[in-house]
Amino acid sequence: GEPGGPGEPVGADLVGSAPGRDGTRPPTGPAAAQLVRARRKWYLYAPLSGAYLLTPFALIGSVLGGVYNLGDDFGLITQRRVESIGRQVSGLPLVAGFGALAVLLLAMPVASVVVFALFNWDFTLTSRAGAIVAERGLLTRRSVTLERRRIRGVELVDNPMERLAGVVRLRALVTGLADAAHRGTLLPASPSPVAVQIAGRVLGAVSGSAAGATAPLVRHPKAARGRRVVRAVGPQLAAAVLAVLAGQRWALVVCLILAVLAVPLGLDRYRQLGHALDEVHLAVRSGSLRRRLVIVERRAVVGWQLRQTVFQRRLGLATLVAAVGAGDGEVTAMDMAATDAVALARQITPGWVAPFQDGTG
């Protein structure tokens, strides 16, 4: 069973002195300690990620592009041959077309697991003196070393399918790291309890505290719910207006159906909004199709931006952006209560915010 399942402790794969698959024990002590080693069954999480699920289409596109370029170089591709192939394909029975589509759909999850395994084979995360080392790969073994003193926080990312399966991806927020989305990976798709525990260990290794990984989040005001719903259905309703002006009734029906389907998305985006603060960390969560929980050290904040649109001002909301020197460079808390946004910034950096508050000192 997965960590946390019946009869198995959550940390079964996280103990640095646990035996490896070959019966030996990994190095322990201050020199090196294994934080986590991916299980083979985690590869089955690959179809839950859209990137890996679309692998067959990418492979087919690459093969067709290579064949076309090679044929063009040797003069094998002519307009007459292309037209002939087109006529042959269009003349195939409808059953053959549905059969090819069915094969492709069945190949998608299988190919995603294969590609995931190739990239993340035997993923191992190790803590060494002054660094955290991530190793993975089958055909090409990759090793990335992250200096602990440069780690400013972590980011937990998932999508709706991964949330239903209790799966999340974990990466470190590191200063001065190029291609941080890949090089900062601490865990690929893995069980949430494992990712949360590793996040706590990484945060604890940096600052001595892991409270930010499990602290309850403060919900944002209900006024933000309407904004999330409007932003979700807005594009479809705008397209519906264009369909009416163009006299395309079928397009109008499609747009209205998509608008109705977008309402649950907007509601879920509101449910995911939240933030938390403790003595060491700031945590902010947002998103639905791609939900992000960002946990950064308070000392990593190097600036603030408070944004308010006309509609936000009428609702008493504001978006607070914390500039940090790691990851994407900023942490955004959307649609907070304006007073809470100012109070949060002042709590983290009182000397910066106080002079700009009228009459508050």
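Residues numbered from 1 in each chain as written. Predicted model: local features only at pLDDT ≥ 70, side-chain atom pairs only at ≥ 80, totals over all residues. Heavy atoms only, no water.

**Some words on the confidence of the model for the chain**
Then step 1. Predicted confidence across the chain gives a mean pLDDT of 83, with 82% of residues reaching 70 or more.
Then step 2. Averaged over each element, pLDDT in the chain is lowest for helix α3 (residues 79–90) (69) and highest for helix α9 (residues 249–272) (96).
Then step 3. Scored below 50 in pLDDT, residues 1–29 shows 55 contacts in the model against residues more than four places distant or in partner chains. (pLDDT = per-residue confidence, 0-100. Helix = DSSP H or I, 4+ residues; strand = E, 2+ residues; numbered from the N terminus. Contact = heavy atoms within 4.5 Å.)

**So, the packing of aromatic side chains**
Then step 1. Under the counting rule described, the total for this entry stands at two aromatic pairs.
Then step 2. Chaining the aromatic ring pairs together yields one cluster made of Y43, F116 and W121.
Then step 3. In this structure, R40 packs its charged tip against the face of W121, placed 4.3 Å from the ring centre. (Phe/Tyr/Trp six-rings, centres within 6.5 Å; stacked < 30°, edge-to-face > 60°. Lys NZ or Arg CZ within 6 Å of the ring centre and 35° of its normal.)

**Remarks on the pattern of salt bridges**
Then step 1. For the structure shown, the criterion picks out 16 salt bridges.
Then step 2. Among the charged side chains, a salt-bridge network with shared partners connects D158, R163, D268, R271 and R291. (Salt bridge = Lys/Arg side-chain N within 4 Å of Asp/Glu carboxyl O.)

**With respect to the side chain of Q312**
Then step 1. Examined against the element boundaries, Q312 turns out to sit in helix α10 (residues 310–315).
Then step 2. Look past the residues within four positions of Q312 in its chain and what remains in contact with it is R227, R307, L317, A318, T319 and D335.

**Observations regarding the sheet that holds strand β4 (residues 142–147)**
Then step 1. Taking strand neighbours across the sheet as the criterion, the four strands line up as β1-β2-β3-β4 in an open arrangement whose pairing is antiparallel. Each of the sheet's edge strands pairs with one partner strand only, and the pair in question is β1 (32–37) and β4. The average angle at which neighbouring strand axes cross in this sheet is 20 degrees, direction not considered.
Then step 2. Summarising the sheet, strand β2 (residues 124–128) and strand β3 (residues 131–136) pair through five bridges and their orientation is antiparallel. From the neighbouring strand, L125 faces β3, where its bridge partner is A134. (Pairing = 2+ DSSP bridges. Axes fitted to C-alpha atoms, helices over the stretch in contact; angles between N-to-C directions.)

**Structural notes on helix α11 (residues 338–348)**
Then step 1. When α11 is considered as a whole, its buried residues turn out to be A338, A341, L344, A345 and I348. Looking down the long axis of α11, one finds its buried residues gathered within 125 degrees of arc, a one-sided arrangement. Every exposed residue of α11 that faces more than 90 degrees away from the buried side is listed here: T339 and Q347.
Then step 2. In this structure, the buried side of α11 is in contact with β9 (274–277), β10 (281–286), β12 (301–307), β13 (317–324), β14 (330–337) and α12 (350–353). (Buried < 20%, exposed > 50% of the residue type's maximum accessible area, 1.4 Å probe, protein only. Arc of directions from axis to C-beta.)

**Considerations on unusual backbone geometry**
Both trends apply: most residues other than glycine have a negative phi, and most peptide bonds are in trans.
Then step 1. Residue D122 is not a glycine yet carries a positive backbone phi of 50 degrees.
Then step 2. Within the element layout of this structure, D122 appears in the loop between α4 (94–120) and β2.
Then step 3. On the basis of relative accessible area, D122 is assigned to the buried category, the value being 15%.
Then step 4. Phi at D335 is positive, roughly 50 degrees, even though this residue is not glycine.
Then step 5. Judged by its relative accessible area of 0%, D335 is buried.

**Notes on the environment of L54**
Then step 1. Of note, L54 is situated in the loop between α1 (50–53) and α2 (55–73).
Then step 2. With 53 residues separating them in the primary sequence, L54 and A107 have C-alpha atoms 10.0 Å apart.

**Regarding the sheet that holds β13**
Then step 1. Taking strand neighbours across the sheet as the criterion, the three strands line up as β12-β13-β14 in an open arrangement whose pairing is antiparallel. Strand pairing shows two members of the sheet lacking a second neighbour, β12 and β14, which therefore form its edges. Strand-to-strand, the axes of this sheet are offset by a mean angle of 20 degrees, without reference to chain direction.
Then step 2. Two elements, β13 and β14, share six bridges in a ladder whose sense is antiparallel. If you follow L317 over to β14, its bridge partner there is A337.
Then step 3. Where helix α8 (residues 223–246) meets the sheet, it contacts β13 and β14, and its direction lies at approximately 115 degrees from that of β14.
Then step 4. Sheet strands touched by α11: β12, β13 and β14. Its angle to β14, the strand with the most contacts, is close to 140 degrees.

**Here's the deal with α9**
Then step 1. Between its first and last C-alpha, α9 extends 35 Å over 24 residues, near the 34 Å set by a 1.5 Å rise per residue.
Then step 2. A262 marks where α9 bends most, by close to 25 degrees; the proline P264 follows one to four residues later.
Then step 3. For α9, every residue scored as buried is listed here: A251, C255, A259, A262, G266, D268, Y270 and Q272. (Expected span 1.5 Å × (residues − 1). Bend = angle between axes of the 7 residues up to and from the residue.)

**Some words on the nonpolar core**
Then step 1. Ranked by internal contacts, the top residues of the largest apolar core, which has 36 residues, are L125, V154, L156, L170, L186, L187 and I198.
Then step 2. Taken together, the elements giving at least two residues each to this core come down to β1, α4, β3, β5 (151–158), β6 (167–174), β7 (185–191), α7 (192–207) and β11 (291–297).
Then step 3. Among the nonpolar cores identified, the runner-up in size contains 19 residues, and L282, V294, V301 and A345 belong to it. (Core = buried A, V, L, I, M, F, W, Y, C linked by side-chain atoms within 4.5 Å.)

**Considerations on the environment of A199**
Then step 1. Relative to the helices and strands, A199 is located in helix α7.
Then step 2. On a C-alpha basis, the gap between A199 and L187 in space is 9.6 Å, while along the polypeptide they are 12 residues apart.

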